[in-house]
Amino acid sequence: SQQGEEDPQALSIQEGENATMNCSYKTSINNLQWYRQNSGRGLVHLILIRSNEREKHSGRLRVTLDTSKKSSSLLITASRAADTASYFCATADGAASYGKLTFGQGTILTVHP
Amino acid sequence: DTAVSQTPKYLVTQMGNDKSIKCEQNLGHDTMYWYKQDSKKFLKIMFSYNNKELIINETVPNRFSPKSPDKAHLNLHINSLELGDSAVYFCASSMGFWNQPQHFGDGTRLSIL
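This report concerns the structure included in the present document. (Residues numbered from 1 in each chain as written. Chains lettered and ligands numbered in written order. Predicted model: local features only at pLDDT ≥ 70, side-chain atom pairs only at ≥ 80, totals over all residues. Heavy atoms only, no water.)

## A short note on the overall build of chain B
Scanning chain B from terminus to terminus reveals 0 helices and 11 strands. The linear arrangement of helices and strands in chain B, starting from the amino end, is β-β-β-β-β-β-β-β-β-β-β. For chain B, the C-alpha radius of gyration of 13 Å lies close to 13 Å, the compact-globule estimate for 113 residues. Across its three principal axes, chain B shows a C-alpha extent of roughly 40 × 30 × 25 Å. Classification of the 113 residues of chain B by burial places 46% in the buried group. For chain B, long-range pairs separated by at least 24 residues make up 55% of all intrachain contacts whose partners lie at least 6 apart in sequence. Accessible surface for chain B amounts to roughly 5,600 Å². Of this, 49% is attributable to carbon and sulfur atoms. (Helix = DSSP H or I, 4+ residues; strand = E, 2+ residues; numbered from the N terminus. Rg over C-alpha atoms; globule rule 2.2 N^0.38 Å. Buried < 20%, exposed > 50% of the residue type's maximum accessible area, 1.4 Å probe, protein only. Contact = heavy atoms within 4.5 Å. Areas by Shrake-Rupley, 256 points an atom, 1.4 Å probe, with all protein chains shown as cover.)

Here you go:
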C-alpha cells in the first residue's frame, strides 16, 4: 500500500529560486528518507531523518519532520538546472519492517536556467 | 566504480518467456533489495535479503523468484512473463536494514511484447 503522498506532483521554477516539496504519510514511522531520481537513472539517497528528529540539513537541502502531523518537507535552496529530477519521500515503518521503504509517487521538479 | 550494477539495462522479450536480471554491489553491504517501478513511477518493494536470508517477501506472483548466492549478489528470475510485468526493476543495497539509506542501481527496463 502507498504510504507517502507528495505535494505538489510537479513544480516548475527558475534557477536561483527555492523549491519546497511536501510529503504526508499515514502510519507511525521509524525514519523518513528523501531520494532524487534523474531521468533514466536509479534513485540517489539525499537525507534520512529519524522519527525523533525535527530538522536536518545537507548542503542546500533542508528536511523537516513533524510526526504529530505525519508530514515532512524538503527544501532546496538556490536551485540549479542540475536539480531537475523527480524527488521521492520514503518511510520506514516501525519494528519488524526489516528496512522496508514505502515510497510516495514523487514530485517532478523542473528548474529553468 | 559502479556501486550497484544491474544487467541487463534493457530487456525486451515475448510473453511467456523466462528471464533473469542480475545485480551486484561492491559496497560491502549485507542487505539487498528488489523494487518494481511502474509506468507512473510508483516504486514498490518486492524482496529483500539480509546475509543471503530472505527477510522481505511482498505479495508478488510466485513467477518471481529471487536468489542470493552471496551477500554481494541478488538475482531475480521471472517465469512465464506477462504483459503486466513490463516495468523498471531496481536493485538496491544497504548496510543492515535499520535506519540505513539504500543505494540503488540504474534499473533494468523490462518490456514484454
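## Some words on the environment of His103(B)
Residue and element names in this part refer to chain B. Looking at where His-103 falls in the secondary structure, it is placed in strand S10 (residues 103–104). For His-103, a relative accessible area of 35% translates into the label partly exposed. Between the C-alpha atoms of His-103 and Asn-75, which are 28 residues apart in sequence, the distance is 16 Å. Those residues in contact with His-103, other than ones at most four positions away along the chain, are Val-4, Leu-27, His-29, Cys-91, Ala-92 and Ser-93.

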